[in-house]
Amino acid sequence: MRRHHLSEPVLDALNSVTEDEEAVGFLLDAESSRRLLLLRAIRDAAADADDVRRAWPLLEAAERADPAAFRTVLLDPQVGVWGASLLRRLSRPDPAATADEPPLRVELGFLGQLAAAVFIAAGVDFRARVPVRDGRVFLPGLGRATVGGEPWGTAEVWGQDGTIRVAAADVTVTLPDDTENDVPGWEGQRRLRAEHAGMRLTLTLDDLGPYAPVPALAVPGRLSSAQFASWQNWFARMWPVLVNDHVVSARALTTGLRSVVPLPRGERLRARAASSSDAFGCLLLSEPDEDEDVLPAQLGVAVVHEFRHTLLNGLIFLMPLFEDCDELFYAPWRDDPRPLGGLVHGAYAFSGVAHYWRTRGAAGLAGFEYALWRSAVRGVLGTLREHPTLTPLGHALVDSLDEQTTGWHAEPVGVREQRLAHLATVHHRATWRAHHLQVPMAHAEELAEAWSAGRPGHTVTRHPEPALRADPGACRLDTLALLARLSLVAPGEFDALRAAEDPARTVPGVVPADLALVDGDATTAVKLYGEELSGPGARPAAWAGLGLALTECGERAAGNALTEHPELALAIGHVLPTPPDPVLLAHWLTQ
């Protein structure tokens, strides 16, 4: 382990809308040192444990046998998640197992599994005692042996003359020469491989690891051969797009990307993706939608997006970008209010996303995505620019992103694409306000009383700021963005959805008024939103949609009143005994 100096060239490369191979290499070196510190902290915290006393000399011997293999195994994302979660557990007053945790000795014994994986990679003889977890022994980077017996028993792993065995009780599993292959009792850790124009990408498809990088996201478990082949096909189709059109990003990915954890396919055009600060180089990706023309580019941007989160996490581990802050903020890419750190992460990731689509052209899906995300990044950078809790390094990052993206907003995209991006941008923010900003009750009652009495809205002179009250029921605020994408990549599907009596049965969260608005039929949209808002159970999003539809019909002042402050209309409607006429209320709010 050595000291790491964040040089100006590396910092400049990281404070960028693109990814840099040398900067990624620097972060990997720093991550390797961080993992070593994790191991040392675990040893110090549990020095008296039998599993630690037994495994630590093995780990030291493994590093001496093959330092390069040791570093490779150390940087496996599963090792990072294990080490960070175990250290947090050891830091508790009582680290004993809770109901959903394995015994502590099983977690400590992972040190032996780590050592065994290094010895196997080094090709030297060894013998190690390791814990069994639910009848299985996982060897990071290699695979998983099923030995049965007690859920939390022990097993022996040994290598002799090139043959590797895992044994417990009466079961012995012999690993194949190529550990990626499956044999009875052994499931190999398979790798995705792609090559184009002499540039090769190799990464693990992690469907075996016992440690979930993001516990809230359920993973499907072991994929079938056909499912694995699909992932291989998707990455093989994606890679030429990155190499040909985003070569700088592609080089960085070959250096830093370690594994992909597959997630089940989500809702149509609502792909899920995530990453973890504990798992450098690991991405969680849902199965992509199989829209043939755009699948490679959409998968590519998902990979770049989450990889940028990995890079920023690596930078934050070295130097803080912000201090503690209790505020919550609007983020154009989320349904919920976000902390400052989430805002910084989003600005960094989506500046790369916008740059990616900018490279791909001004028409069609690329033009829409570029217009959408350049607007989102611009708004968030404006929020961050002068925030007092950013550190000097945080301000430097924001200033650099701001400088690189400022000129984008004058660049033209297609008229249709710009209109759709504007609708999606305004609708998301207005719907967010309707869900999460709460008008003080006294003010809502005063407004409702003025409305009921027929007095102009301006007679209510006091306008207190609404309070931020996170609504846990807020979801699918991206409905208009989803419909815009559908209209661009699958116009036949969009038309069929518009003709459907209940489109939400096909695409959750969609109503006919949304489809009419996206399709340019603002008159119908006003009618349909008005009907919804005049009845019980209207969605907060309907006020945002009505505002946009009114604006497109030429009633700009009324439309702006609803898109800029939909929480006022919503609050008045809640106070009144019967729903007000929504169009008349929109005009009244401008008086």
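This text gives an overview of the structure that appears in the document. (Residues numbered from 1 in each chain as written. Predicted model: local features only at pLDDT ≥ 70, side-chain atom pairs only at ≥ 80, totals over all residues. Heavy atoms only, no water.)

## What about the overall build of the protein?
Moving on, step 1. Counting its secondary structure elements, the protein contains 23 helices and 16 strands.
Moving on, step 2. In summary, the protein has a C-alpha radius of gyration of 27 Å against a globular reference of 25 Å for 591 residues, a match within 12%.
Moving on, step 3. Projected onto the principal axes, the alpha-carbon positions of the protein cover approximately 90 × 55 × 50 Å.
Moving on, step 4. The proportion of buried residues among the 591 residues of the protein is 53%. (Helix = DSSP H or I, 4+ residues; strand = E, 2+ residues; numbered from the N terminus. Rg over C-alpha atoms; globule rule 2.2 N^0.38 Å. Buried < 20%, exposed > 50% of the residue type's maximum accessible area, 1.4 Å probe, protein only.)

## Here we look at unusual backbone geometry
Moving on, step 1. Positive phi, normally seen in glycine, also occurs at Asp134, with a value near 55°.
Moving on, step 2. Here Asp134 lies in the loop between β1 (126–131) and β2 (136–139).
Moving on, step 3. By relative accessible area, Asp134 is classed as partly exposed at 49%.

## A few points about the side chain of Glu107
Moving on, step 1. Counting through the fold element by element, Glu107 comes out in helix α6 (residues 104–108).
Moving on, step 2. Residue classification places Glu107 among the buried positions, given a relative accessible area of 8%.
Moving on, step 3. Not counting residues up to four positions away in its chain, the partners in contact with Glu107 are Trp82, Leu86, Arg89, Pro102, Arg133 and Tyr211. (Contact = heavy atoms within 4.5 Å.)

## So, the packing of helix α21 (residues 556–564) against helix α22 (residues 566–575)
Moving on, step 1. α22 packs onto α21 with a crossing angle of 85° between their chain directions and a minimal axis gap of 4 Å. By the angle between their axes, α21 is roughly perpendicular relative to α22. Between α21, through Ala561, Leu562, Thr563 and Glu564, and α22, the contact on the second element is made entirely by Pro566, Glu567 and Ala569.
Moving on, step 2. Considered class by class, the residues forming the contact of α21 with α22 number four nonpolar, one polar and two charged. (Axes fitted to C-alpha atoms, helices over the stretch in contact; angles between N-to-C directions. Parallel < 35°, antiparallel > 145°, perpendicular 65-115°, else oblique. Nonpolar A, V, L, I, M, F, W, Y, C, P; charged D, E, K, R; others polar.)

## Observations regarding the pattern of salt bridges
Moving on, step 1. If you walk through the whole model with that rule in mind, you get 41 salt bridges.
Moving on, step 2. In this structure, the salt-bridge partner of Asp44 is Arg40, at a minimum N-O distance of 3.1 Å. Taken together, the positions of Asp44 and Arg40, both in helix α2 (residues 21–45) and four residues apart, correspond to about one turn of that helix.
Moving on, step 3. In this structure Asp44 comes out as partly exposed when scored by relative accessible area, which is 48%.
Moving on, step 4. Accessibility expressed as a relative area gives 44% for Arg40, which makes it partly exposed.
Moving on, step 5. Measuring nitrogen to oxygen at the nearest pair gives 3.3 Å for the salt bridge that ties Glu195 to Arg200.
Moving on, step 6. Here the salt bridges share partners, and the residues they tie into one network are Asp182, Arg190, Asp207 and Arg222. (Salt bridge = Lys/Arg side-chain N within 4 Å of Asp/Glu carboxyl O.)

## What to know about the packing of α2 against helix α5 (residues 77–90)
Moving on, step 1. Contact pair α2 / α5: the axes reach a minimum separation of 10 Å and the direction vectors enclose 35°. Crossing of α2 over α5 shows left-handed handedness. Only Pro77, Val79, Gly80, Trp82, Gly83, Ala84, Leu86, Leu87 and Leu90 of α5 make contact with α2, whose side of the interface consists of Arg35, Leu38, Leu39, Ala41, Ile42 and Ala45.
Moving on, step 2. In the contact of α2 with α5, the residues fall into twelve nonpolar, two polar and one charged. (Left-handed = near helix turned anticlockwise from the far one by under 90°.)

## Some details on the environment of Val219
Moving on, step 1. Mapped onto the elements of the fold, Val219 is located in the loop between β9 (199–205) and α8 (225–245).
Moving on, step 2. Put simply, Val219 and Leu208 are eleven residues apart on the chain and 9.9 Å apart in space, counted from C-alpha to C-alpha.
Moving on, step 3. In this structure Val219 touches Val261, Pro262 and Leu263, once residues within four positions along its chain are discounted.

## Let's talk about the sheet that holds strand β10 (residues 259–263)
Moving on, step 1. Spatially, five strands are ordered β8-β9-β10-β12-β11 in an open sheet, and the strand pairing comes out mixed. In this open sheet, the two strands that pair with only one neighbour each are β8 (191–196) and β11 (273–274).
Moving on, step 2. Where β8 lies against β9, six bridges are found, and the strand directions are antiparallel. Its bridge partner being in β9, Glu195 is matched across the sheet by Arg200.
Moving on, step 3. Contacts from helix α10 (residues 295–318) reach β11 and β12 (282–286), with the element oriented near 145° to β12. (Pairing = 2+ DSSP bridges.)

## Quick word on the sheet that holds β1
Either a parallel or an antiparallel arrangement is found when strands of a sheet pair, and the pairing is made through backbone hydrogen bonds.
Moving on, step 1. Strand order in the open sheet formed by four strands is β1-β4-β5-β6, and the pairing between neighbours is antiparallel. Taken across any chain shown, the strands that pair with only one partner, and hence form the sheet edges, are β1 and β6 (171–174). Strand-to-strand twist of the sheet, defined as the mean angle between neighbouring strand axes without regard to direction, takes the value 20°.
Moving on, step 2. In the sheet, strand β4 (residues 154–160) pairs with strand β5 (residues 163–168) via five bridges, with the strands oriented antiparallel.

## What to know about the pairing of β2
Consecutive side chains along a regular strand alternate between the two faces of the sheet.
Moving on, step 1. As paired strands, β2 and strand β3 (residues 143–146) are joined by four bridges and run antiparallel to one another. Looking at β3, one finds that Phe138 is bridged to Arg144.
Moving on, step 2. In textbook terms, the turn of a hairpin is the stretch between consecutive antiparallel strands, and for β2 and β3 this stretch comprises three residues, one of which, Gly141, has a positive phi near 80°.

## Focus on the nonpolar core
Moving on, step 1. Counting 133 residues, the largest nonpolar core has Trp231, Phe235, Trp239, Trp357, Phe368, Trp373 and Leu384 as the members making the most contacts within it.
Moving on, step 2. Of the residues forming this core, the biggest block, twelve residues, is contributed by helix α12 (residues 364–384).
Moving on, step 3. The contact partners of Trp231, leaving out residues within four places of it in the chain, are Leu192, Leu205, Leu223, Val260, Pro262, Leu263, Leu285, Ser286 and Glu287.
Moving on, step 4. Counting residues in each nonpolar core, the second largest holds 56 residues, with Ala46, Leu58, Leu86 and Ala116 among its members. (Core = buried A, V, L, I, M, F, W, Y, C linked by side-chain atoms within 4.5 Å.)

## Some thoughts on the packing of aromatic side chains
Moving on, step 1. If you walk through the whole model with that rule in mind, you get eleven aromatic pairs.
Moving on, step 2. Each ring, one from Phe110 and one from Tyr211, has its centre 5.5 Å from the other, and the planes form 85°; the classification is edge-to-face. A residue pair is termed long-range when its members are at least 10 positions apart, and Phe110 in helix α7 (residues 110–122) and Tyr211 in the loop between β9 and α8 qualify at 101 residues. The exposure classification of Phe110 matches that of Tyr211, with both residues buried.
Moving on, step 3. Taken together, a centroid distance of 5.2 Å and an interplanar angle of 70° make the contact between Tyr330 and Trp432 edge-to-face. (Phe/Tyr/Trp six-rings, centres within 6.5 Å; stacked < 30°, edge-to-face > 60°.)

## Quick word on a negative patch on the surface
Moving on, step 1. Together, Glu323, Asp324, Asp326 and Glu327 make up a region of like negative charge exposed at the surface.
Moving on, step 2. Looking at where Glu327 falls in the secondary structure, it is placed in the loop between α10 and β13 (328–329).
Moving on, step 3. The exposure class of Glu327 is partly exposed, given its relative accessible area of 42%. (Patch = residues over 30% accessible without salt bridge, like charges linked within 9 Å, V, L, I, M, F, W, Y side chains within 5 Å. Areas by Shrake-Rupley, 256 points an atom, 1.4 Å probe, with all protein chains shown as cover. Lys, Arg positive; Asp, Glu negative; His and termini not counted. Charge placed at Lys NZ, Arg CZ, Asp CG, Glu CD.)

## A closer look at the environment of His4
Moving on, step 1. With respect to the helices and strands, the residue His4 is situated in the segment before α1 (8–14).
Moving on, step 2. C-alpha of His4 to C-alpha of Ser33: the two residues are 29 residues apart in sequence and 8.9 Å apart in space.
Moving on, step 3. Setting aside anything within four residues of it in sequence, one finds His4 in contact with Phe26, Asp29, Ala30 and Ser33.

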